[in-house]
Amino acid sequence: SQNTALTRLGCGYSSFGSLDVSNNTALTYLEWIECPLSSLDVSANTALARLFLENSQLTTLDVSNNTALIDLYCADNYQLATLDVRNGNNTNFTSFSVWDNPNLNCIDVDDPTWSSNNWTNIDTQHYFSNNCNAIYGCTDSLASNYDPIATIDDGSCIPYIYACDTVSYYVGEWMMQGYWQYTTSSGTFYTGSNSNGTSLYI
């Protein structure tokens, strides 16, 4: 923690299980191989250009703050399930090797298409996304099919219609986009549309 001028740090085949490099802001090279590291925070190491991690016990790795990073080697990390490489510098990477990480599926990157075309040293189950945590669904809280856990709207929202359940089942409100839906007292569900936007009897 006192070595603020430190630029290179390596650890191999030891029992170190933790590492604090938050004060080592000049660090440009970090290598951690065959050490039972369970967590690593490199968010303060904005000068870090090369990171090598092999056979650790990491479950998550976030290098999104490491805007100078151009070389990432991350292999044989059997617990790793989350990897965020959205550092705004993906196209300047000289090396990207992320393989033999069986619990890792989605990798967060700047541009999924670019990464798919240029980064091939990955496992067969790996794929790239700009938001691995995205949950698609209806995000309109006023819609009848609102999904409170959705983070990205998928265009499936259905406007909710308040209707009168009378003998003639009169739908008294005609809502946005000409869509209507309601459930009668008997539990019958109706849904449909009217192009001219008038009231509807069913």
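The structure this text deals with has already been given above.
What exactly am I supposed to notice about the overall build of the protein chain here?
Broken down by element type, the protein chain carries 1 helix and 16 strands. Evaluated residue by residue, the protein chain yields a buried proportion of 35% over its 202 residues. Of the accessible surface of the protein chain, which amounts to about 11,000 Å², a share of 48% is contributed by carbon and sulfur atoms.

How should the state of the cysteines be read in this particular structure?
Two cysteines, two sulfur atoms, one covalent bond between them: this is a disulfide. Considering all chains together, one arrives at 2 disulfides under this definition. Shown here is the disulfide that connects C106 with C132, its sulfur atoms set 1.9 Å apart. Residues C106 and C132 are joined through a disulfide that is left-handed, its torsion about the S-S bond being -80°. Taken together, the residues span a long stretch of sequence, with C106 in strand β8 (residues 106-108) and C132 in the loop between β10 (127-129) and β11 (136-137) at a distance of 26 residues. Classification of C106 by relative accessible area gives buried; the value is 11%. Overall, C132 belongs to the partly exposed group, its relative accessible area being 23%. The disulfide partner of C138 is C157, and the gap between their sulfur atoms is 2.1 Å. Looking down the S-S bond of the C138 and C157 bridge, the torsion is 115°, so its handedness is right-handed. Of the two residues, C138 sits in the loop between β11 and β12 (152-153) while C157 sits in the loop between β12 and β13 (170-171), which places them 19 residues apart along the sequence. Overall, the relative accessible area of 2% leaves C138 in the buried class. On the basis of relative accessibility, which here comes to 23%, the residue C157 falls in the partly exposed class.

Conventions used here
Residues numbered from 1 in each chain as written. Predicted model: local features only at pLDDT ≥ 70, side-chain atom pairs only at ≥ 80, totals over all residues. Heavy atoms only, no water. Helix = DSSP H or I, 4+ residues; strand = E, 2+ residues; numbered from the N terminus. Buried < 20%, exposed > 50% of the residue type's maximum accessible area, 1.4 Å probe, protein only. Areas by Shrake-Rupley, 256 points an atom, 1.4 Å probe, with all protein chains shown as cover. Disulfide = S-S within 2.5 Å.

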